[in-house]
Amino acid sequence: MSDHALLATMVRVEQAWLDELVAHRVAPANAAADLSVLPLPAVEELAVSAEAGGNPVIPLLQALRAAAPEPTATWLHRGLTSQDVLDTSLVLCARAAVTVVRRQLADQVDLLAALVREHRHTPMVARTLTQPAVPTTFGAKAATWLQAVLDADERLASLAWPVQLGGAAGTLSAVVELAGTDTARDLRTTFAARLELAPSTPWHTRRTPITTLGDAAVTVTDAAGRLANDALALGRHEVGELRDGSAGGSSAMPHKANPTLAVLVRRAALTTPQEAATLHLAAAQQVDERADGGWHAEWHPLSLLLRRTVVAVAQTTDLVRGLEVDTDRMAHNLAAVAPALHAEQRAVAELTGRPTSETYLGVLDDLVTETLGRAAEHPSATDTTDSATRERP
């Protein structure tokens, strides 16, 4: 999601469109060219130049046309509008980011499933509203982390990756004038296929692809934050049931081993929802066939949201991998409040007249088994192209 990545991807989109125009004999054969070898402006220069037209595609196109030979320069971008290029580029960059995130989530599924299996019978205190409640197991707690990770990955797997192709006002009128109606219809499909994206009706002011992406990313940081919060709460000295293996130091207190990874993950979880909220606000402010600021408001929060998600999910993987579980401390804390933890059990037994169970864990073992079963069915997350060919209605 860096400026350099976006610049390279915009050139890739322009290349794909030029190749399609040549392949469909809309542009002459000698218009074909490799745009990647052309000199490009520095991203800082492009950013400054973008102010005049309100987006970076305009100065990029000027630079490409100045560097390209004829007739390539003449045929570059013909039929497109700036938003087609920038939206499609952002989708491609976002898909790359999501691919990285899903690989990390796949690792987390494996790590957490192993943790659940190891500790499914490790007894500990279940806490509600910060206070001791009833007995549980650490495996059950880890199973809730695992379920959240699986939920987040399912959201990412369901994303569609639509191309943006609409021309000046979403009608493709310039493409029809250039190529004819039948070829224009064909270009909608082949352009998307060349970029391995899904064909789509124009979404210039229908920003569902962006808001859905943002929401899915926040689901990831929600899951990460949930795990980090438990690591922080149970890692307090007076609790001592978990330890963040990162053990960061303090600038002033040499005795401290701060839970650095958990803190950084929690930071991301606390800040990403606001970026997604901005995407929804921008979507609600769309107007006419091309927006007057709502579109422009998306770029920074989307890139920031995805960058934070990529970093936080990697930190969460490291946190889980290095997590230290103190089963002795869990047993000690459980014993310290054991009589109170069975108050509900005694009240229910008195009501029903049935004898109390030894553990008071209900169907917890069944729930853990269900979670492990779901994890076992989880497909590899290294290939996120399955949804790329699904057309968004």
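Quick note: structure is the one above.
Residues numbered from 1 in each chain as written. Predicted model: local features only at pLDDT ≥ 70, side-chain atom pairs only at ≥ 80, totals over all residues. Heavy atoms only, no water.

Caption draft 1: Representation of empty space enclosed by the protein. One pass over the full model with this rule turns up two cavities of 30 Å³ or more. Along its surface, the largest cavity is lined by Leu 90, Val 91, Ala 94, Leu 159, Ala 160, Trp 161, Pro 162, Pro 209, Ile 210 and Leu 213. Taken together, the elements giving at least two residues each to the lining of the largest cavity come down to α5 (82–119) and α9 (208–234). Grouping the constituent residues of the lining of the largest cavity by class yields ten nonpolar, no polar and no charged. Within this model, the second largest cavity holds a volume of roughly 30 Å³. When contributions to the lining of the second largest cavity are tallied by element, the ones reaching two or more residues are α5, α9 and α11 (299–322). (1 Å grid on protein atoms, 1.4 Å probe; cavity = no way out; pocket = protein on both sides within 12 Å on 5 of 7 lines; lining within 4 Å. Points joined across faces, edges and corners; volume = space filled by probe spheres on them. Helix = DSSP H or I, 4+ residues; strand = E, 2+ residues; numbered from the N terminus. Nonpolar A, V, L, I, M, F, W, Y, C, P; charged D, E, K, R; others polar.)

Caption draft 2: Representation of the pairing of strand β2 (residues 131–137). Pairing of strand β1 (residues 123–128) with β2, which is carried by six bridges, proceeds in the antiparallel orientation. By the bridge assignment for β2, Thr 128 is matched with Gln 131. Taking the residues that link successive antiparallel strands as the turn, the β1-β2 hairpin has two residues, and the phi of Leu 129 there is positive, at about 55 degrees. (Pairing = 2+ DSSP bridges.)

Caption draft 3: Highlighting unusual backbone geometry. Pro 71 follows Glu 70 through a cis peptide bond whose omega is 5 degrees. With respect to the helices, strands and loops of the structure, Pro 71 is situated in the loop between α3 (57–67) and α4 (72–75). A positive phi angle, close to 60 degrees, is found at Arg 25, a residue other than glycine. When you line up the elements, Arg 25 lands in the loop between α1 (3–23) and α2 (43–53). With a phi angle near 60 degrees, Leu 172 is a residue other than glycine that sits in the positive phi range. Note on Leu 172: relative accessible area 10%, which makes it buried. (Buried < 20%, exposed > 50% of the residue type's maximum accessible area, 1.4 Å probe, protein only.)

Caption draft 4: Looking closely at the packing of aromatic side chains. This structure, assessed with the given rule, holds three aromatic pairs. On the numbers, 5.1 Å between centres and 80 degrees between planes, the contact of Trp 17 with Phe 191 is edge-to-face. Of this pair, Trp 17 sits in helix α1 while Phe 191 sits in helix α8 (residues 181–194), placing them 174 residues apart in sequence. When sorted by exposure, Trp 17 lands in the same class as Phe 191, which is buried. Between the aromatic rings of Trp 295 and Trp 299, the centroid separation amounts to 4.9 Å while the plane-to-plane angle is 85 degrees, which identifies the pairing as edge-to-face. Here Trp 295 falls in the buried class, since its relative accessible area comes to 3%. (Phe/Tyr/Trp six-rings, centres within 6.5 Å; stacked < 30°, edge-to-face > 60°.)

Caption draft 5: Region of interest: helix α10 (residues 260–284). Between its first and last C-alpha atoms α10 spans 38 Å; for 25 residues at 1.5 Å apiece the expected length is 36 Å, and the two agree. Of all the bends in α10, the largest measures some 25 degrees and sits at Thr 271, one to four residues before the proline Pro 273. For α10, the set of buried residues is Leu 261, Ala 262, Val 265, Ala 268, Ala 269, Thr 272, Glu 275, Ala 276, Leu 279 and Ala 282. Of the surrounding secondary structure, the elements contacted by the buried residues of α10 are α9 and α11. (Expected span 1.5 Å × (residues − 1). Bend = angle between axes of the 7 residues up to and from the residue. Contact = heavy atoms within 4.5 Å.)

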